[in-house]
Every structure is written in C-alpha cells, then in structure tokens.
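What follows is each chain in one-letter form.
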Amino acid sequence: MLNDAWIIVVLIGQISALLLLALTLYFATPILRYWNPASGSALQLELERKTFFVSSAVEYILAFQAVIFVLFLIIVNHYLPRLINGAMCASGILSLNEYGYPALYGKIAALAAYLIFIFLNRLDLAEPAYPLTPTKYFLLPFLFWAALADTVLTVRFFSLINPDVIATCCSISFSAAKISVLSESPVTVSISALLIAYYILLVIYGYWGLKKKIAGLLLFLEFLLLPVSVFILKYHFVKYIYALPSHNCLFDLFFGRYYYIGYLLFGLLFISAMAVIGLFLLNRLKKRFTKDLKNIQQNLRVAAMGGNLLFAIIIHLYWFYWKWIIL
Amino acid sequence: MANENIIRTDRLCKIFNPGAHNEVEAVLDVDLALPQASATLIKGPSGSGKTTLLTMLGCLAKPTSGQYTCLGEAVSHWPEKFLTRFRRRHIGIVFQNFNLISGLSVFENIALPLYPDGLPFATVKERVEQLARDLKMDHRLYFKVDTLSGGEMQRVAIARALVNQPQILIADEPTAHIDSTLAKEILELFHSLNKKGLTLLIASHDPLLETHPMIDRTYCMRDGRLREHHAE
Amino acid sequence: MRRSGYIIEYALSSLLRRWKKNVALLIIYSAVVAFFASVLFFTSALREQSRLVLDPLPELWIQKLSGGRLAPVANALADSLRHIRGVRKVEPRVWGYYYDSPTGAVFTLIGSDSLFTDLPLQLAEGAGRLDNNGALCGRGFLLSHGLIPGDQINLLDNKGKMHSFVIRGAFTSESDLLTYDLIILAPKQARRILDLHETEATDIAVAVYNPDEAENIATKISRRFPGIRVISKSQLRITYEALFGWRGGIFIFGALISLLAFLILAWDRASGLSKQDQQELGILKGIGWDIGDVLALKFWEGIIIALTATLSGMLLAVMHIFLFNAVLIKPFFIGWSILFPPYKIPLYISIGDLLLVLVISVVPYLAATLLPAWKGAVTDPAEVMQNG
C-alpha cells in the first residue's frame, strides 16, 4: 500500500525527520567530543553555535512527528477501515500484520523521547553555564535509533498491508467480553479488583504528589497507574462511553460518534506520564542548576496530577451518566 | 555604585587563529577599569586592535583568554546567546559605518533592538518617538533610511544604540563619515548623555575628540596593547 | 507572543523587500503543490463519485458460471436464496451490453421497471413505471445520436430485428460515472434485445438485513450452491478504492520527484545568501538579536513562503480540477480507462486532502531550509563592527 497518498505523506514526513535527525547527530558528535565551556577558542564558539542547530532541529522533528502521529491515527482509525475488508476500526488494521502495534508504540515512544530531549534542552539553555551540555547529547543517538526503528516499522507495516486481505477487526475483543459476561467468570472479579487497585493507586499517587517528596516513587507509581488506567478503561468504563455492554475495543473512542473522546483521554494520560518523567529527571539533575526550579517542578506536578485526575473524572462522569441518569 | 568600575578587564586577550601560521594577536593583556559615567577615548592607528577590543567590551565577541567583568557580571565566558541578551539590555553600540537596514523606515531601524524582548508596542513607540525628538529626527520618522543624509543616518544609528536605555554606550569612530559641524553636534549630544550618567567608550583618531572637555581619560592602542595616554 | 508578532512582522517586510528574489521561488513552489493537490483532489472526487454510485447497489449479487464463463441465471435460484437467513430481498436482474454499430460504441442495457428515484433523471413526461415501448437513456447515447427526450431510438436484437422505443427520460450529468452509457428498457423488452429466456436473468441481486454480515452470507451462499460466483459490494468498493489509490499513487510519485527537485532549488536559494542579506543578518546580530531570534525570523520566513505557496497551489489545483475539469491529468486517467471519468467533476474536497497537501508541502520545505537558516543565523555579530 506504499503508493497511497496518505501513506506517502506519512513516509515523506518520517524521512524528513530522519534526515534532520541524522544531520543533528553529525552536528552533535563534535559537541560530545570537544565541549569545553572554560575555553574561549574559536572551536568552542563554533560548537556553541552548533547547539542551536541541534535544538532547532529536534524541535522541528518533534513538530513533524506530532503531525505524522496524528496522520497515522487518522489513517488507522478512519482511513484504512474504509479500504480494508472487514476492519471497522484501528484494532483490525493494526493487527493486519505483526508490525502494526509495534509501529504505533514506536511512534509514541519516539514522541516521548523527543519531548524529554526538548525539556532538558530548554532547561539547559536557560543558564549561561549550560549545565546539561554535553550530557544531554548522549540522548541523541538513542533518538536517532528510535526514529529509525519507527520509520522501518511504519514502512514494513504499510508495505505489507494488502487491501484484499480480510481483517478480523475487534472480533477478539468482542468474544472475550462475551465470555466474561456470559459465564460470570473470574474476569468479572478481576475487574472489581482492578478498580480497587486503581482507586488505591490514585489515592497514593495523589498523596505522594502533594507531599513533593521522592520523585522516583512517583515515577514508579505512574508506571503502575498508567496500565491500570488503560485496563479499567478497556474492561469497565469504555462500555459506558459506548453504551454497549459487550464492546470494549478502545479504538472506537477515536471516532466522531464518541466525540473523539479517545484523543482527550489518552492525551491526558500521555501528559501525566511525560510530566512525571520530567519531574523525575529534574529531581535527578537539579544539583547542576544554580537557578531555582521550584516553579517548573510545581507546574509539572500540577500537570501530572491534573492529567490523571481529569482522566478519572471524565470516565466516572460517563459511568455516572449511564448509571444514574439513563437507568 | 558611582565609584565602582562598571567595566573591568584583567589581561584580556584576543588571538585569531591561534597556533596557525596566520595567527594574529589582535588584543594583548588589556587591563582596564572604567567607573560609571566616565568618558573614555581610545586612540590608535587603524589595525591597532581598537575595534577588536570594543567588540569584546561590547559583548559582541568572547576573549580568547583573560577576564571581563561588566556591571558586576563575569561575562567573559558566557555563551554567545547570553552575551547577546546582556548587550541588548545594558550596552548600546554605534557602529563606524552606521549599519542601518536599507528599505526600512527610520522608526523601524530604531525599534529593531527592542523586537526580541517583545515589549508592548506602546512602549516601543513612546521610546522611539522620544529619542527621535531628542535627536531632532521626528520629522523624518517614517522616511526610508536610504533617503537620509550622512548626518541623519548617524543620528538614527545613535538613536538605535540608545533605544534599549543602556548604561554603557560604545562608539567606533562616530565622527568618521560626517563633516566637522555635524561632528561637533554629535559630540555635544554625547556630552549631554554623559552628564546624565551614561558611561561612554569611544574609539577614534579624530583630534576633535581628543580635546573635547567631556573626555576624562584617554588610552592609546598600538599592536594590540593599551597604554594610558597622558596629554602633554 | 509579542516577540513572535514583531518577528513575523519583520519576516514579512523582509520578504516583501526582496519580492523579486522570492517570486520565482513562489511560482515554482505553487506549481509543485498544485500538481500534487490536483492528483489528490481528482482521485478523491472520483472516489467520492464511485462511492455515490456504489451506494444504491445491493450488498451481494450472484452470477452463474458455466465452464468458467458467465451464463444466464435461472430465476428459480432466486427462490432458493430467499430462504437463507439474513437475506432481506432477492431480485433477478436483466442487463447486458449493446453494440451500437452506427457509432461503434458499446452501451450498457438494463431491464428494469422500477422508478429510479435515487438517480437524477430528467423526464420527458410525468413519472411512472417504464412501459413496454419506453426507454431511459444516459447522456452518452443521446449526445452521440443527437437525440433529446421524446425522440425515438431503434435497437437491434440478436436476430437482426429492429425494435423502436420512445425516450421517456434522460439521466443528467451528475451521475455520469454510472449512467453515461446507459440504456434502460422494460424487462420484457430488455430480455428480447439481450437474448435472454423469460425464465432467465443476467444475475441476481441480494439485499441483506445487516450489511456487516454480508461477507458471511456470501460465503454461505457460495458453499451451498455450486457453479455460481458471489460478488459483494464491499469487494467492489475496495477494488475501486485500491484502483484510485494505485492510479493516484503513480501520479503522486511524479509529484514527489518534482517536489524533490524543488527542494534542491529551495536549499540552493536559501544557502546562497547575497552580500546584502549577509550584512542585514550581521546588523541584526550586532544590535542584539541572538541566534534564536534570527532562527525564528528564518522559520517565519519559511512558514510565510510555504503557506503562501501551499494556499495558492491548492487554489490552482481546485481551479484546474473543478473549473477546468482536470484538463491536464484526465487524459492519463482515461488512457487506462477501466472506469469512465465524468465530463463534469463535482466539487468535492475533504479536510483530509487539504491536510495532506499542507503536510507534504510544508514539512519537507522547512526541513530543507533549516540548515541554510542556521548558517545565516550564526553570522558573527562582531563582523558588523569589523567591516569598517
């Protein structure tokens, strides 16, 4: 399917980003090797100027990748389901071959990596001593490999899609749910356990977030909370959003008939996760800074807790609406 | 504050292409201490390193070695970005050949240094108009700079150097491209600014400046070295 | 925010001061965008039209095969199909092709007495079921014979005998893709022309209750009845979609090559700073703009150029496709004609297409001009002092 306009545009975007990143890596190598802030040499001045190319390029790349990510979501959620027989949503599209889900996760991971780099970069450039230079540039090779992997996965995914193949869509999600509803199986029990775990985690998370202590623990909690949030959404709350008891495919959330709520919900989770990672990194690195970073820490904490809280409120509002207003 | 040296250098050096066959020692071991509201003249033949010294003092370039403390900040090894921001806020520079941007109006040329700080337009307008009035340029504010005479261009260049309300004004050969009547006028302007507390640093070999009453110290630059010059 | 405002304003004035240098670049840029957007808009319009055309079709239809060739279906098969679970309606259809020797063209002949309410029809008389002497025609037949509704047409049957019909109505151009080459007769007359027996039909259309189940029912039918072929609408739709995608794809690769050529040009233009440009950047650096400010300036210059070119390119493409009916690219699509491109392309632009054009025009341009922009931005601020 590499000759389809949508896919071509995505690949062009990917390749533009990859080429820029390769150039960035080329610029960053001498910075890693020769950076010496105490020197007044011409070389140091040149390296200093090169850091500007690196910052701008990574910011461009982040913007490109964000646009590409949106296009990718549109393709798998809305565009390809029209073309592929039997696929009604992204779940069917992404499982057309073994590269679908890795491509999606690869894109999310790459976005996260760019954001982390830009976050560190902004912090770094705010102080004359450039406290994180050249340390932060060690991230660049990883960014490059992540982008390369992302591009390869995307190309493989799209190139192997054959419009004649009949996809299975969410039939797996469907049947699993049916079994659990019909047979009153342990799955039902584990959903309530999952819910309890979610509430407990949310409370501890909020407590630790407010205590402003140990960012590492908050990070740990976030990485427990994140999958639990997705699970309770998938196995419990999503049916109130769809108003369908047996359908728990998460990708329908991205459809217009559910007001694209999926973009908001997953966006909130993503923001929280990024904020917690940022907070953790900041705590790790704050000794290098002379400036007071309390404000940034405060903002990140608000973003982390606010994102998770808003997510919880929204899904409960759906549940509340269904349980108390409709029934 | 008045007695403190707002410009202080310690063995300031600028060497181009160090170690290479075309090595140039433009500035060597300059020690300088200038108090606030002083007016300093640096003399010397062209190629003596005056301009290079001014680029370092004006935070346009970094020294190869040595220390430079400006307004209490040790700026010598700051990255270029911070030097630029520092200069934007505290130092005004009048370049030798005006360096106005052709095609733009007088107003725009004067306002340019304020753009990166994103000041409210009302503030920008007020400052530019005030300066234009002070420098008697208000009648030509919306003319393209290409239509101005040499003296007017110089006044626009000075207005641009003052628009960020600097504590230090650096001027490189401010009288080189204008006739002597105009030059006297410009020097009077500098004098009045100096009286208001602006620290002046002027490089020139114009005799008009040497004898001007506002100059309170004169240095002589030769082969990159700076010597205090005592008038006979 | 305000900083960006000032910098955008400066970028705009900077571009306008050099409009002579930028105008050639803009024209080429717009042309490349117009090329790409034309292909995209054209395939989308065709797609949209084929979707409109496919919509009224039944979910499934069944053909009889004998020896691998298509053969008439017995009407009796329709009765057996009615009993399959999930089937809503079964309808034998009578249609075929008619070779018209005076014009040398082949027309599609359909036997039907239903009202065709879902297709735009220009009627000679009041609506009603098609009588035995009546015919409905597409514009193709009418134009090639110089006829209008109310005139008479003559068709030959298999034995060479001539039959006359009165044109009761004509399809308008809106449905050209489907109806351009169409002639509709009453079923009895159509059978006569097409040499079908009273108990036979060309194929059988099957409507189902749940369209999502159509594929399953199709499988069920083809398992139960040997010697038949079941075609589903979704298969047809996907074939069309893939076909347009593939056709468009070839053109898009062409557009990509021109895009690449343009990018090389843009890179070259952005790299070759004139002495004056260089001096201006030097002055900006000298009076207190830092590298980031100049990079922002260059970024906004790029955005202004890219958006201007993209918008004008889109506008050109819209005019090309919908006002001038894709004169420049339609011949290529007709050349490979499996589908018949309509004469009048209905205006159809999707937000998705606009987004695609925007991304493919802006992203590579910004990527290509970043390095030259940075090279300009690192102009030494001390230089402005030195060139005395």
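In this numbering scheme, every chain counts its residues from 1 along its sequence in written order. To label them, take the chains in the order written and letter them from A, then take the ligands in the order written and number them from 1. Local features in a predicted model are, by the rule used here, given only for residues with pLDDT of at least 70; side-chain atom pairs are given and counted only at 80 or more, and totals for whole chains, interfaces and linings are based on all residues. Side-chain numbers come from the whole structure's heavy atoms, not from hydrogens or water.

### Thoughts on unusual backbone geometry
Cis geometry is found at the peptide bond from Thr133(A) to Pro134(A), where omega equals 0°. A run of DSSP states H or I qualifies as a helix once it reaches four residues; a run of E qualifies as a strand once it reaches two. Both are numbered from the N-terminal end. As for its position among the elements, Pro134(A) is in the loop between α4 (100–125) and α5 (139–159). Residues other than glycine seldom take positive phi values, yet Lys136(B) does so here, at roughly 55°. Mapped onto the elements of the fold, Lys136(B) is located in the loop between α4 (121–134) and α5 (150–162). You will see that Gln165(B), though not glycine, has its phi angle at about 50°, which is positive. Here Gln165(B) lies in the loop between α5 and β7 (168–172).

### As for the UniProt feature "transmembrane region" (unreviewed entry) in chain C
Residues and elements named next belong to chain C. UniProt positions are given in the numbering used here, feature names are shortened, and annotations may be inferred rather than shown by experiment. Feature annotation in UniProt places "transmembrane region" (unreviewed entry) on residues 23–42, 244–267, 303–324 and 345–367, given in this structure's numbering. Along residues 303–324, the helical share is 95% and the strand share 0%, with 30 Å between the first and last C-alpha atoms. Span residues 345–367 is 74% helix and 0% strand, its end C-alpha atoms 35 Å apart.

### Thoughts on the nonpolar core
Here, nonpolar core refers to any group of buried Ala, Val, Leu, Ile, Met, Phe, Trp, Tyr and Cys residues whose side-chain atoms link them within 4.5 Å. Exposure classes here rest on a 1.4 Å probe applied to the protein chains alone. A residue is buried below 20% of its type maximum, exposed above 50%, and partly exposed in between. If you look at the biggest cluster of nonpolar residues, it comprises 208 residues, and the most contacted ones within it are Phe190(B) and Trp289(C). Look past the residues within four positions of Trp289(C) in its chain and what remains in contact with it is Thr84(B), Arg88(B), Leu112(B), Pro113(B), Tyr115(B), Pro116(B), Ile7(C), Tyr10(C), Leu284(C), Val294(C) and Leu297(C). Grouped together as the second largest cluster of nonpolar side chains are 44 residues, Phe119(A), Leu123(A), Leu282(A) and Leu300(A) included. Contacts are assigned to residue pairs with any non-hydrogen atoms lying within 4.5 Å of each other.

### Some thoughts on the sheet that holds strand β9 (residues 217–222) of chain B
Residue and element names in this part refer to chain B. Any two strands with at least two DSSP bridges between them are considered paired. Strand order in this open sheet of six strands is β6-β7-β8-β3-β9-β10, and the pairing throughout is mixed. Each end of this open sheet is capped by a strand with a single partner; those strands are β6 (91–94) and β10 (225–228). Taken pair by pair, the neighbouring strands of this sheet meet at an average axis angle of 20°, ignoring direction. Relative to β7, β6 runs parallel, the two being bridged by four bridges. Where helices are involved, their axes are fitted lines through C-alpha atoms of the stretch in contact, as for all axes, and angles between N-to-C directions lie from 0 to 180°.

### Comments concerning the interface of chain B and chain A
Often, the extent of an interface is quoted as the loss of accessible area upon association of its parts. Each partner contributes to the interface: chain B provides nine residues, whereas chain A provides 13 residues. Here's the idea: put two parts together, see how much 1.4 Å probe accessible area each one loses, and the total over both is what we call buried area. Taking both partners together, chain B and chain A bury about 940 Å²; carbon and sulfur atoms supply 54% of that area. It is Glu80(B), Lys81(B) and Phe82(B) that lose the most area in chain B upon contact with chain A, and together they represent 46% of the buried surface on that side. Throughout this description, the term salt bridge denotes a Lys or Arg side-chain nitrogen within 4 Å of a carboxyl oxygen of Asp or Glu. Here chain B and chain A share two salt bridges between them. Between Arg49(A) and Glu80(B) there is a salt bridge, and its shortest N-O distance comes to 2.7 Å. Two N or O atoms form a polar contact when they lie within 3.5 Å of each other; inside protein one atom must be a possible hydrogen donor and the other a possible acceptor, and for residues adjacent in sequence the pair counts only when both atoms belong to side chains. Along the contact surface separating chain B from chain A lie four residue pairs in polar contact (both at pLDDT 80 or more). Just so you know the grouping, Ala, Val, Leu, Ile, Met, Phe, Trp, Tyr, Cys and Pro go in nonpolar, Asp, Glu, Lys and Arg go in charged, and all remaining residues, Gly too, go in polar. Residues belonging to the side of chain B that touches chain A are distributed by class as follows: four nonpolar, two polar and three charged.

### A short note on the pattern of salt bridges
Oppositely charged side chains may form a pair once their charged atoms are brought near each other. Per the stated rule, a full pass over the model turns up 29 salt bridges over all chains. Put simply, Arg122(A) and Glu59(A) hold a salt bridge, and the shortest N to O gap is 3.0 Å. A residue pair is termed long-range when its members are at least 10 positions apart, and Arg122(A) in helix α4 and Glu59(A) in helix α2 (residues 42–83) qualify at 63 residues. Residue classification places Arg122(A) among the exposed residues on the basis of a relative accessible area of 53%. Take Glu59(A): its relative accessible area is 27%, and that puts it in the partly exposed class. As a salt-bridge pair, Asp293(C) and Arg88(B) come within 3.1 Å of each other at their nearest N and O atoms. Of the two residues, Asp293(C) is situated in helix α10 (residues 291–323) and Arg88(B) in helix α2 (residues 80–90); the pairing between them involves two chains. Both residues of the pair, Asp293(C) and Arg88(B), belong to the buried class. Shared partners join several salt bridges into a network, and the residues in it are Arg88(B), Arg89(B), Asp117(B), Arg3(C) and Asp293(C).

### Examining the environment of Ala183(B)
Residue and element names in this part refer to chain B. Tracing the backbone shows Ala183 in helix α6 (residues 180–195). Note on Ala183: relative accessible area 2%, which makes it buried. In sequence terms Ala183 and Gly151 are 32 residues apart; their C-alpha atoms lie 8.4 Å from each other. Leaving out residues up to four positions away in the same chain, Ala183 has contacts with Thr175, Ile178 and Leu208.

### Some words on the confidence of the model for chain C
All names here are of chain C. In this model, chain C carries a mean pLDDT of 83, and residues with pLDDT of at least 70 account for 89%. When mean pLDDT is taken per element in chain C, α10 scores highest with 94 and helix α11 (residues 330–335) scores lowest with 62. pLDDT measures how confident the predictor is about each residue, on a scale from 0 to 100. Counting contacts from residues 335–339, a segment whose pLDDT is below 50, to residues more than four positions away or on other chains yields nine contacts.

### Some thoughts on the interface of chain B and chain C
Taken together, the 34 residues of chain B in the interface contact 27 residues of chain C. Regarding the contact of chain B and chain C, the summed buried area is about 2,700 Å², with carbon and sulfur atoms giving 61% of it. Taken together, the links from chain B to chain C amount to 12 residue pairs in polar contact (both at pLDDT 80 or more). Of all the elements in the fold, those that place two or more residues in the side of chain B that touches chain C are α1 (50–57), α2, α4 and β7 of chain B. The element that contributes the greatest number of residues to the side of chain B that touches chain C is α2(B), accounting for six residues.

### Observations concerning the pairing of strand β8 (residues 152–156) of chain C
Look at any regular strand and the pattern is simple: side chains alternate between the two faces of the sheet. Residues and elements named next belong to chain C. Of the two faces of β8, only one is covered, namely that formed by Ile153 and Leu155; the face formed by Gln152, Asn154 and Leu156 stays uncovered. Relative to strand β9 (residues 162–171), β8 runs antiparallel, the two being bridged by five bridges. By the bridge assignment for β9, Asn154 is matched with Ser164. Two successive antiparallel strands, β8 and β9, enclose a turn made up of five residues, where Gly160 displays a positive phi of approximately 90°.

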